[in-house]
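Architecture at a glance
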Amino acid sequence: QVQLVESGGGLVQPGGSLRLSCAASGSIFSINAMGWYRQAPGKERELVAAIISGGSTNYADSVKGRFTISRDNAKNTVYLQMNSLKPEDTAVYYCNADITRSDYTSFGYWGQGTQVTVSS
C-alpha cells in the first residue's frame, strides 16, 4: 500500500506565496519522478512542475520563474514553492509520483488534492 498525502493549500492574496508538500508512504522501494498537477473548474488537469530522481526539473510556461519544485529523497517528499501567485493559479493541486514498490512493481499514484485559492 502506497499513499501520497498533500498539505499546504489555502487562501492567499494575489502576489502572495504558498508552499505545498506531498509525502509518500508505504511499501516503497524507490521513487522515480514526482510532480504537481492542477485542475481549475471547467478545465483539464495540467502539469505544473515535475522533478525526477536525478534532480532535473520541468515547469509549465505559466509558472516558470514563480514556482519552484524540490524534493527530499530521505523523506520521500516533494515540495512546490509558489511565489507571486495570481488569480489564475486558483485550482485544486494534485501530487503525482511514479513509484517502484518493495515488490518491484511500478505504478503512478495520485494524492487527494489540495485547494489553492488566490483572491483579494
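Predicted, not measured: the structure shown is a model, and the values here were computed from it.

**A short note on the sheet that holds strand β3 (residues 18-26)**
Judged by pairing direction, the sheet is antiparallel, and its 4 strands sit side by side in the order β1-β3-β8-β7 without closing on themselves. For this open sheet the edge positions go to β1 (2-7) and β7 (67-72), each flanked by a neighbour on one side alone. Strand-to-strand twist in this sheet, taken as the mean axis angle between neighbours without regard to direction, amounts to 15°. Strand direction decides the pairing type here: β3 and strand β8 (residues 77-82), joined by 6 bridges, are antiparallel. Paired with Cys-22 across the bridge in β8 is Val-78.

**Points about the state of the cysteines**
In a disulfide, the sulfur atoms of two cysteines are held together by a covalent bond. Tallied over the full model, the rule gives 1 disulfide. Shown here is the disulfide that connects Cys-22 with Cys-95, its sulfur atoms set 2.1 Å apart. In this structure, the disulfide formed by Cys-22 and Cys-95 twists by about -80° around the S-S bond and is classed as left-handed. Highlighted residues: Cys-22 in strand β3 and Cys-95 in strand β9 (residues 91-101), separated in sequence by 73 residues. Across the pair, Cys-95 and Cys-22 agree in class, each one buried.

Reading guide: rules and limits
Residues numbered from 1 in each chain as written. Predicted model: local features only at pLDDT ≥ 70, side-chain atom pairs only at ≥ 80, totals over all residues. Heavy atoms only, no water. Pairing = 2+ DSSP bridges. Helix = DSSP H or I, 4+ residues; strand = E, 2+ residues; numbered from the N terminus. Axes fitted to C-alpha atoms, helices over the stretch in contact; angles between N-to-C directions. Disulfide = S-S within 2.5 Å. Buried < 20%, exposed > 50% of the residue type's maximum accessible area, 1.4 Å probe, protein only.

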